[in-house]
Amino acid sequence: LTGPSLSHPLPTMQTKLLINGEFVDAVSGKTFPTYNPATGEVIANVAEADKADVDKAVAAARAAFKGWRETEGSERGRLLLKLADLMEQHKEELAKLESLNNGKPYHTALSDDLTLSINNLRYFAGWADKLQGKQIPLNEGFLCYTRHEPVGVCGQIIPWNFPLLMLAWKISPALACGCTIVLKPAEQTPLTALRVAELVVEAGFPKGVVNVVPGYGPTAGAAISNHPDVDKVAFTGSTDVGRIVMKAAAETMKRVTLELGGKSPLIVCKDADLDKAVELSHYALFYNHGQCCCAGSRLYVDEAIYDEFVAKSAARATRRVVGDPFHKDTEQGPQVDKEQFDKILRYIEEGKKAGAKLLAGGARVGEKGFFVQPTVFADVEDHMSIAKEEIFGPVQSIIKFKTIDEVIERGNANPYGLAAGVITRDISTALKIAHSLRAGTVWVNCYDVLRPETPFGGFKQSGIGRELGEYALRNYTEIKTVTIML
């Protein structure tokens, strides 16, 4: 897509580490480049944290923990609300940075990512003064009760597909519970995290409560996962890296939550409204350029409607507008970097070689940046890599099924279990499928409905623990039992 785009002068960018309330260079003096995926050009050079910087950040978080855990819950909530207000005041700037560094359309970053991030902060701000235990009746002569106390220093490692939203998902419950934070943004997309770090300081959070250390996984990420004075690690990313984080955390028995990969089945029944099902399935896969851990990437369609559904899906993909993330009509910008771009094109070639029928897309868009055509495969079989493995890109694989029992079994025959969906007009069918699929979230006649109130996380190799909602508070608290002889 070419033509007039939204004006997007570069915002002022923070490029240093936030440690103990101060923006500082890396101890090593090193920096690393961060890129604009629409052009492949360097946006800025960012301070590169490694073990020495993580040590400083953890020490700051540990020193701040006593005061922060003893801060009244209402005051912690007030500061979270202040941060949300500041993000709202700067939402256009943050959306521009997100689009520039990640490649998602500016209008999507503004309407979706910023709105959901701000709402998440406000939701957990409301929980900050409502963390309470229970009194437990014992035999006469004892008073027994529980307390929910903060875990301590939390290392948080976030991904590049939703940089701002994943930051909000991580820091909001941790801060509400009284934990302190050392956060590592993805090396591909550090800019919005560093801008929010500036807003954290402006909001008045005490020094050391929030520390932000951009860097690479094998250095900064490993230093967080291995650190003996980090009490808990929260990671969102691939299942392979999740295993590495979990092994590293085991050395000191850290608390761990992992939100990992997925290959989510979306089942379209023969009674579905065909046009609505095509559009919903398109959204479920192509939203955020297919870079969603919960994307409906195994699309099972009843054989009775398969041919017509496939034709309509291919036509819809060819109409998808790919181009400048700052153009008002763009639906899909570039993939996040060359590594992801090359991986997607490699999977497309594997799909063709395996015998799947390419009906739309299948190639790059233009010669500059990391744009991939919206791609649709039909006649996909369960054994093909495009049906089994997480592609994390705009590649729709449409698979035929015959019976509900059969598709449930096939839907469960995968090591992932993050999400699933079903499109049907029959409530009995919907409930049977929703209750039978082994997935942390099942959407019925909708997809990607994620709100601060709704817990989200995976079964099987899609992770451990839950983000969002009241359940997320469990990730950041320890239960203490106090028993008193009267």
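Residues numbered from 1 in each chain as written. Predicted model: local features only at pLDDT ≥ 70, side-chain atom pairs only at ≥ 80, totals over all residues. Heavy atoms only, no water.

Asks: Would you take a moment to explain the side chain of Ser313 for this structure?
Replies: Topologically, Ser313 is positioned in helix H10 (residues 306–319). On the basis of relative accessible area, Ser313 is assigned to the buried category, the value being 3%. Other than its neighbours up to four places away in sequence, Ser313 contacts Val278, Val376, Gln396 and Ile398. (Helix = DSSP H or I, 4+ residues; strand = E, 2+ residues; numbered from the N terminus. Buried < 20%, exposed > 50% of the residue type's maximum accessible area, 1.4 Å probe, protein only. Contact = heavy atoms within 4.5 Å.)

Asks: When you look at the pattern of salt bridges in this model, what are you seeing that I'm missing?
Replies: Note on pairing: side chains with opposite charge can pair once their charged atoms come close. Here the structure, examined in full by the defined rule, presents 30 salt bridges. Arg122 is the partner of Asp85 in a salt bridge, and the nearest nitrogen-oxygen pair spans 2.9 Å. Taken as a pair, Asp85 in helix H2 (residues 73–89) and Arg122 in helix H4 (residues 106–127) lie far apart in primary sequence, 37 residues in all. We classify Arg122 as partly exposed; its relative accessible area is 28%. Between Arg316 and Glu279 there is a salt bridge, with the nearest N and O atoms lying 2.9 Å from each other. Here the residue Arg316 occupies a position in helix H10, and Glu279 occupies one in helix H9 (residues 274–286), the gap between them amounting to 37 residues. For Arg316, a relative accessible area of 10% gives the class buried. For Glu279, a relative accessible area of 37% corresponds to the partly exposed category. Shared partners join several salt bridges into a network, and the residues in it are Arg69, Arg147, Glu149 and Lys480. (Salt bridge = Lys/Arg side-chain N within 4 Å of Asp/Glu carboxyl O.)

Asks: Is there a simple way to explain the environment of Gly393 in this structure?
Replies: Tracing the chain through its elements places Gly393 in the loop between helix H12 (385–388) and strand E15 (395–401). Along the backbone, Gly393 and Pro325 are 68 residues apart, and their C-alpha atoms lie at a distance of 16 Å.

Asks: What is the right way to look at the sheet that holds strand E13 (residues 357–360) in this model?
Replies: Sheet strands associate in pairs through backbone hydrogen bonding, adopting either a parallel or an antiparallel arrangement. What the seven strands build is an open sheet, ordered E13-E14-E15-E12-E11-E17-E18; its pairing is mixed. Looking at the sheet topology across the chains shown, the edges are occupied by E13 and strand E18 (441–444). Put simply, the sheet's adjacent strands are angled 25 degrees from each other on average, direction ignored. In this sheet, E15 lies alongside strand E14 (residues 375–378) in parallel orientation, the contact comprising three bridges. Within the sheet, the bridge partner assigned to Thr375 lies in E15 and is Val395. Running at roughly 130 degrees to E15, H9 makes contact with strand E11 (265–268), strand E12 (298–302), E14, E15 and strand E17 (419–423) of the sheet. Contacts from H10 reach E11, E12, E13, E14 and E15, with the element oriented near 175 degrees to E15. (Pairing = 2+ DSSP bridges. Axes fitted to C-alpha atoms, helices over the stretch in contact; angles between N-to-C directions.)

Asks: Could you clarify how one ought to interpret empty space enclosed by the protein in this entry?
Replies: Any empty space left between the atoms is revealed when a probe the size of a water molecule rolls over them. Following the criterion strictly, the structure yields four cavities of 30 Å³ or more and no others. Counted as a void, the largest cavity has a volume near 80 Å³. Forming the walls of the largest cavity are 13 residues, and the residues nearest its centre are Gly290, Ala295, Ser297, Ile391 and Phe392. Grouping the amino acids of the lining of the largest cavity by side-chain chemistry returns seven nonpolar, four polar and two charged. For the second largest cavity, the calculated volume is near 70 Å³. Lining the second largest cavity are 15 residues, and of these Pro265, Arg298, Gly411, Tyr416 and Arg438 lie nearest its centre. Elements supplying a minimum of two residues to the lining of the second largest cavity: helix H13 (404–412), strand E16 (416–417) and E17. In the lining of the second largest cavity, the residues fall into seven nonpolar, four polar and four charged. (1 Å grid on protein atoms, 1.4 Å probe; cavity = no way out; pocket = protein on both sides within 12 Å on 5 of 7 lines; lining within 4 Å. Points joined across faces, edges and corners; volume = space filled by probe spheres on them. Nonpolar A, V, L, I, M, F, W, Y, C, P; charged D, E, K, R; others polar.)

Asks: Please explain the pairing of E17 as it appears in this structure.
Replies: Every regular strand shows the same layout, with side chains that alternate between the two sheet faces. For E17, the buried fraction is high: five of the five residues fall into the buried class. In this sheet, E17 lies alongside E11 in parallel orientation, the contact comprising three bridges. For Leu266, the partnering residue across the bridge sits in E17 and is Gly421. Alignment of E17 against E18, held across four bridges, turns out to be parallel. Counterpart to Gly421 in the pairing with E18 is Trp443. In this view, the connection linking E17 to its parallel neighbour E18 by way of helix H14 (residues 427–436) has right-handed handedness. (Right-handed = clockwise from strand over helix to strand, strands pointing away.)

Asks: Honestly, the environment of Ile181 in this entry has me stumped. Any pointers?
Replies: Residue placement: Ile181 occurs in strand E7 (residues 180–184). Taking C-alpha positions, Ile181 is 49 Å from Ala311, a pair spaced 130 residues apart along the chain. Ignoring sequence-local partners within four residues, the contact set of Ile181 consists of Ala61, Cys154, Gln156, Ile171, Ala174, Leu175, Val209, Val210 and Asn211.

Asks: I keep staring at the packing of aromatic side chains and nothing clicks. Help me out?
Replies: The geometry of two aromatic rings is summed up by the distance between their centres and the angle between their planes. Evaluated as defined, the whole model comprises ten aromatic pairs. A ring pair is formed by Trp68 and Phe205, whose centres lie 5.8 Å apart and whose planes are at 50 degrees; its orientation type is tilted. In this pair, Trp68 sits in helix H1 (residues 51–70) while Phe205 sits in the loop between helix H6 (191–203) and strand E8 (210–212), placing the two residues 137 residues apart along the sequence. Phe205 matches Trp68 in its accessibility class, with the two residues each being buried. Three or more aromatic residues joined by ring pairs make a cluster, and in this case those are Phe162, Tyr283 and Tyr287. (Phe/Tyr/Trp six-rings, centres within 6.5 Å; stacked < 30°, edge-to-face > 60°.)

Asks: Got a minute to help me understand the pairing of strand E6 (residues 153–157) in this structure?
Replies: The buried fraction of E6 is high, at five of five residues. On E6, burial covers both faces: Val153, Gly155 and Ile157 on one face and Cys154 and Gln156 on the other are all buried. Taking the sense of rotation as the criterion, the β-α-β connection linking E6, helix H5 (residues 163–177) and E7 turns out right-handed. Looking at chain direction, E6 and strand E9 (residues 232–236) are connected through four bridges and run parallel. By the bridge assignment, Gly155 is partnered in E9 with Val233.

None of this, on its own, says anything about what the molecule does.
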